[in-house]
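Structural characterization, general
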Amino acid sequence: MDGLRIEIDLDGLRQFAQQIGEIAAAGDDTHQLMDDIGAYGVASTQERFVTAKSPDGQKWQPSGRVKMAQGNAQTLVDRGHLRDSFSSLATSHSAIWGTNLIYAAPNQFGATIRPKNGKSLKFKIPGLGFRSAQEVVLPARPFMGVNDVDAEEIGKMVGAHFLGGSS
């Protein structure tokens, strides 16, 4: 699988299923709600790159680049490509957010990188020159996921939409 995504489906939100079914049967359009949920998911994911914390609040292990850098270097944020790659897609019954970058999943879940050809990996480390290794281990640094705060915010959005409350 290339990239990474999260999908929130109203049918999976049991606490609202009965109300949603009744309102959906009455013809209520939930596309804007799903669009708002997707936008929230993208914003919440991008905020994790600022805090360098996983959805469960665990601090990410600093990268080697950050450990060597002087100043405001951030783990998983060199040029910001990964952080800025998230987008969302909504239908009337689902919200999906994620990224299509191939290196998102190894950073989310962790990975061990080994050479396909040859005996070692060769790479350049800024300020240190070229290095080689038989493998490189990327620790998991989760950025995608729905935590308790996210679930509460999404629940407020759903409640506001269906019950007319404020979000």
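Read on for a plain summary of the structure. (Residues numbered from 1 in each chain as written. Predicted model: local features only at pLDDT ≥ 70, side-chain atom pairs only at ≥ 80, totals over all residues. Heavy atoms only, no water.)

What to know about the overall build of the chain
Going by this rule: Numbering of helices and strands runs from the N terminus; a helix is a DSSP stretch of H or I covering at least four residues, while a strand is a stretch of E covering at least two. Note on classification: 1.4 Å probe, protein chains only; a residue is buried when its accessible area is under 20% of the maximum for its type, exposed when over 50%, partly exposed between these limits. Contact between two residues is taken to exist if any of their heavy atoms lie within 4.5 Å; hydrogens are not considered.
Summing up its helical and strand segments, the chain has six helices and seven strands in all. When the helices and strands of the chain are placed in sequence order, the string is β-α-α-α-α-β-β-α-β-β-β-β-α. Residue burial in the chain is summarised as follows: out of 167 residues, 35% are buried. In the chain, once contacts between residues fewer than 6 apart in sequence are set aside, the share between residues at least 24 apart is 66%.

Digging into the nonpolar core
Rules: We define a nonpolar core as any set of buried Ala, Val, Leu, Ile, Met, Phe, Trp, Tyr and Cys residues linked to one another through side-chain atoms lying within 4.5 Å.
Counting 22 residues, the largest nonpolar core has L33, I37, F49, F86 and F143 as its most contacted members. Looking at this core, the elements with two or more residues in it are α2 (31-51), β3 (94-99) and α6 (148-163).

Observations concerning the packing of α2 against α6
In plain terms, the rule: Axis definition: a line fitted to C-alpha atoms, limited for helices to the stretch in contact. Angles are taken between N-to-C directions and run from 0 to 180 degrees. Roughly parallel here means an angle under 35 degrees, roughly antiparallel means over 145, roughly perpendicular means 65 to 115, and every remaining angle is called oblique. Left-handed describes a crossing in which the near helix is turned anticlockwise from the far one by less than a right angle; the clockwise case is right-handed. Three classes are used, and their members are as follows: Ala, Val, Leu, Ile, Met, Phe, Trp, Tyr, Cys and Pro are nonpolar, Asp, Glu, Lys and Arg are charged, and the others, Gly among them, are polar.
It is the contact of α2 with α6, at a shortest axis distance of 11 Å, that shows an interaxial angle of 160°. In this view, α2 runs roughly antiparallel relative to α6, as classed from their interaxial angle. Pair α2 / α6 crosses with right-handed handedness. Facing α2, whose interface residues are L33, D36, I37, Y40, S44 and R48, α6 presents V149, D150, E153, I154, M157, V158, H161 and F162. Residues belonging to the contact of α2 with α6 are distributed by class as follows: eight nonpolar, two polar and four charged.

Description of the pairing of strand β6 (residues 129-133)
Cut-off, in case you're wondering: Two strands are said to pair when DSSP picks up at least two bridges between them.
In the sheet, strand β5 (residues 121-125) pairs with β6 via five bridges, with the strands oriented antiparallel. Counterpart to F123 in the pairing with β6 is R131. Between the end of β5 and the start of β6, which pair antiparallel, lie three residues, with G127 showing a positive phi angle near 85°.

Some details on the packing of aromatic side chains
Worth spelling out the cut-off: Two rings from Phe, Tyr or Trp (for Trp, the six-membered ring) form a pair when their centres are within 6.5 Å of each other. A pair whose planes differ by under 30 degrees is stacked, one over 60 is edge-to-face, and the rest are tilted.
In this structure the tally under the stated criterion is four aromatic pairs. Centroid distance F49 to F86: 6.0 Å. Interplanar angle 50°. Geometry classified as tilted. Within this pair, whereas F49 is found in helix α2, its partner F86 is found in the loop between α4 (81-84) and β2 (87-90), the two being separated by 37 residues in sequence. Comparing F49 with F86, the two get one shared label, buried. According to the relative accessible area criterion, F49 is buried, its value standing at 1%. Cluster of aromatic residues (ring-pair linked, three or more members): F49, W60, F86 and F143.

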